[in-house]
There are 2 protein chains.
Amino acid sequence: MGGFFRGRTLADIARGLRSGDESPAGLLAGALESVDPDLNAFVTLDPEGAGAAAARAGEELAAGYDRGPLHGVPVAVKDIIDVAGLPTGMGSAHFEGHVAEADALCVTMLRDAGAVIVGKTGTHEFAYGGTGDVAVNGPVRNPHDRERMSGGSSSGSGAAVAAGMVPLAIGTDTGGSVRIPAAFCGIAGFKPSYGAIPAGGVFPLAVSFDTVGVIAASAADCRIAYRALTGPAEAVPSPVDESAPHGRVAWIEPLEIDPDVERAVRALFPDAPSERIDLPGIRAVFRAVQDAEAYDVHAERVAEAPGLFQPPTLERLERAGRTPAWRYLRALRERERFAAEVAGLLDRYDILALPTLPITAPKIGETEGPLGSHVPTLVSLTCPWNVLGLPALSVPAGTVHGLPVGAQLVTRRGAESLLFDAAENLAVA
Amino acid sequence: MGGFFRGRTLADIARGLRSGDESPAGLLAGALESVDPDLNAFVTLDPEGAGAAAARAGEELAAGYDRGPLHGVPVAVKDIIDVAGLPTGMGSAHFEGHVAEADALCVTMLRDAGAVIVGKTGTHEFAYGGTGDVAVNGPVRNPHDRERMSGGSSSGSGAAVAAGMVPLAIGTDTGGSVRIPAAFCGIAGFKPSYGAIPAGGVFPLAVSFDTVGVIAASAADCRIAYRALTGPAEAVPSPVDESAPHGRVAWIEPLEIDPDVERAVRALFPDAPSERIDLPGIRAVFRAVQDAEAYDVHAERVAEAPGLFQPPTLERLERAGRTPAWRYLRALRERERFAAEVAGLLDRYDILALPTLPITAPKIGETEGPLGSHVPTLVSLTCPWNVLGLPALSVPAGTVHGLPVGAQLVTRRGAESLLFDAAENLAVA
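Cut-offs applied
- Residues numbered from 1 in each chain as written.
- Chains lettered and ligands numbered in written order.
- Predicted model: local features only at pLDDT ≥ 70, side-chain atom pairs only at ≥ 80, totals over all residues.
- Heavy atoms only, no water.
- Helix = DSSP H or I, 4+ residues; strand = E, 2+ residues; numbered from the N terminus.
- Rg over C-alpha atoms; globule rule 2.2 N^0.38 Å.
- Buried < 20%, exposed > 50% of the residue type's maximum accessible area, 1.4 Å probe, protein only.
- Contact = heavy atoms within 4.5 Å.
- Areas by Shrake-Rupley, 256 points an atom, 1.4 Å probe, with all protein chains shown as cover.
- Lys, Arg positive; Asp, Glu negative; His and termini not counted.
- Charge placed at Lys NZ, Arg CZ, Asp CG, Glu CD.
- Salt bridge = Lys/Arg side-chain N within 4 Å of Asp/Glu carboxyl O.
- Pairing = 2+ DSSP bridges.
- Buried area = accessible area lost by both parts, 1.4 Å probe.
- Polar contact = N/O pair within 3.5 Å; in protein donor to acceptor, adjacent residues only side chain to side chain.
- Nonpolar A, V, L, I, M, F, W, Y, C, P; charged D, E, K, R; others polar.

The name given to chain A in an unreviewed UniProt entry is Amidase, with the source organism recorded as Actinomadura livida.

## Things to note about the overall build of chain A
Secondary structure assignment for chain A yields 14 helices and 15 strands. Here the C-alpha atoms of chain A give a radius of gyration of 20 Å, agreeing with the 22 Å that 2.2 N^0.38 yields for 429 residues. Projecting the C-alpha coordinates of chain A onto the three principal axes gives extents of approximately 60 × 55 × 40 Å. Looking at chain A residue by residue over its 429 residues, the buried ones come to 59%. Across chain A, every contact between residues at least 6 apart in sequence was considered, and the portion connecting residues at least 24 apart equals 75%. Accessible surface computed for chain A: about 15400 Å², of which carbon and sulfur atoms make up 52%. Looking at chain A, you have 35 positive and 52 negative side-chain charges, and the mean spots of the two groups are 5 Å apart.

## Overview of the pattern of salt bridges
Within the structure shown, the criterion is met by 44 salt bridges over all chains. Of the charged contacts in the structure, one is a salt bridge between A:Arg223 and A:Asp421, with a shortest N-O distance of 2.8 Å. Note that A:Arg223 is positioned in helix α7 (residues 219–230) and A:Asp421 in helix α14 (residues 416–424), a separation of 198 residues in sequence. Here A:Arg223 falls in the buried class, since its relative accessible area comes to 14%. Put simply, A:Asp296, A:Glu300, B:Arg330 and B:Arg333 are held in one network by salt bridges that share partners.

## Examining the sheet that holds strand β2 (residues 74–78) of chain A
In spatial order, the strands read β1-β3-β2-β6-β8-β7-β14-β15-β11-β9-β10 (chain A); together these 11 strands make up an open sheet with mixed pairing. Each edge of the open sheet carries a strand with a single partner, namely β1 (42–45) and β10 (274–275) of chain A.

## Topic: the interface of chain A and chain B
Taken together, the contact between chain A and chain B spans 15 residues of the former and 15 residues of the latter. Buried area between chain A and chain B, summed over both chains or domains, comes out near 1400 Å², and the portion from carbon and sulfur atoms is 56%. The interface formed by chain A and chain B contains six salt bridges. B:Asp296 is the salt-bridge partner of A:Arg333, the closest N and O atoms lying 2.7 Å from each other. The interface formed by chain A and chain B includes 10 residue pairs in polar contact (both at pLDDT 80 or more). Classifying every residue of the side of chain A that touches chain B gives eight nonpolar, two polar and five charged.

## Here's the deal with the pairing of strand β7 (residues 188–191) of chain B
Residue and element names in this part refer to chain B. Judged by which residues are buried, β7 turns out to be covered on both faces: Ala188 and Phe190 on one side and Gly189 and Lys191 on the other are all buried. Bridge count for β7 against strand β14 (residues 392–400) is three bridges, and the pairing is antiparallel. Residue pairing in the sheet places Lys191 in a bridge with Ala392 of β14.

Structure below.
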């Protein structure tokens, strides 16, 4: 847990770079030295490419050309996102030897912001799972307890940031894949509104929900990274009346949850009234749509080379392929109904608060816990916001059973800044 | 075949009404006297409601209030379209005793045009089939050969017009359900662009394709009825450059067809160059989308009262319910590809011509013929235009084996008038 970037904020790093106390090359060296192979967070490191980028960033800063708060900062990229010249492995034997020709759009934006791409982080195979322990590269380990899963699917991004290897990592979130590893690993994970960060060059899981997101130590760092990936704050549309108070928080009751986790997170919102949403109903919509869209992506691979999948992934895909079309059609209609219901709630409240996960990180390889199969359990509190396309932020909320838990904040589309404001006001014990 | 309206055009009828040689009440009496129960075209007759409407129409005309060419004309309505106060039976035991509370929008438009609604015509159960011999009301018989099917699903509308019981009937066309009975029965059937006639109050089969259409003795009569259902001709949008010649006709090769049928229809277009479209590929798109949407409509009935369906309908629905969602997603994408391909063809030609059906009317109860199962065979040449939302007109093209065959004309969306113009120039032997 003693990686180079532990305890350093992006603001600290930016000051150090501009005061001359730090250099991009020095930060990169710190990152590379912090990589702990036992955690299995990185699947590819690019010391040469990163070295060249760090040198260039250093020259630019020395010449007074300042690209902003990510300039010279080492960043890790999930291995389903293309970085030109590096393998994009998807955590799958299907893509062994596959090298990306061009940068994904979000990677181009990171480079334009001066970030130094350190390498690629491990992903649950094809991002199709929340445990992070199913991949041709092997499981990613949780820095808080190496026998436990990091959570996924942006497993390596979560572990790399939590262990202080990098101060920032990019992931993707289709049903919780940025927020889950952030919560299990005790850091912050942010999924913006659907479509807010362009998804070009990101391998699809379920196109209706796939969202690029960021993982960093804190909400404040997520805000900095998010601005770099979307332009100035002023460019982010906000439907919010700026003259109104922005403190109205509702507690969304998690219906199936470890009571200790609920207590720990609920304590952060003592004044928030409780509200109910049909979270299991929305999860059923999530599942029907995700399964249909995921099988659409993989149908040929399932037919032609099923043996190249990890067995749990193949099993999930085969079931997903049998999702009936009429269920998908109904899920689309139900989604509209849920969207209207939650929009009504977001007329009365600015923030919906709930735990990110109903449990703490299970042991690697465990597939069931007290709440049943981990597959539905892990996304039960996160996937509703993908279904509705709403921005959601997971922030550290202390520990339970000695393991990190996350508090999740949700708001209206385009009102991302409310989440960061609310997170900064939270008093975590 | 000697019904009251045999050989009478809507124009003739309109002249007779205005000269005083005919009256709405007299036309209605002629219609009711022509009803031949053995053909089973009507499932409900409404002599009282129709009588009142005819009396009103007569008074209006006598007072000089002229609603146009359908004023006082008896019209039949397919039994999946609501007529206030009459049963809407859908050809199914599921809707026994169900009485419509309000008129469908197209029925309101007919009444506004002065039409006299005579009654409801038999439909293939839930409009889910092209043979017209599967319904709780029993099979509709072909006036040209009572042992043969009328074709469906607007089975009774086709038989009623062909037998001269009414000069006009309303049907619906999801994959060919107006054009198929028109062609099998030797009359004209017209399906406008998707959405051109409002579908409110029509029981759904597959919402992406469901289209209200008209059946009449000739293309000229279909044009008159279509204008009454969409407003003045000027209101129909037409992307066509009116200064360009409108004669460019392509022959679309039917890939699987009785060669005698092909010869008969091809002879009407001696100068048209042959073109190929992937008709089987478009039919596969049709099937995936129709099956998904149809099962969505009927899922609860299949689960709760399967025994109320006719056995072939239940069998089709159960198969439809297993259509995988990923196939549906791919079908939607393939539809875009086919739409672009056919749009390219319609840049070079004004009219695509092909047979309406690849065979002549089979015997009632027959489920397979030389081309295989009738289910895919009957829609093979009609459903592609539903998939693409294009207007299509079937007109009589003589006889083969002593049975009627139809020529089908297709054009661009909104260019419906081109079809009627082209049909009037056809020289049928």
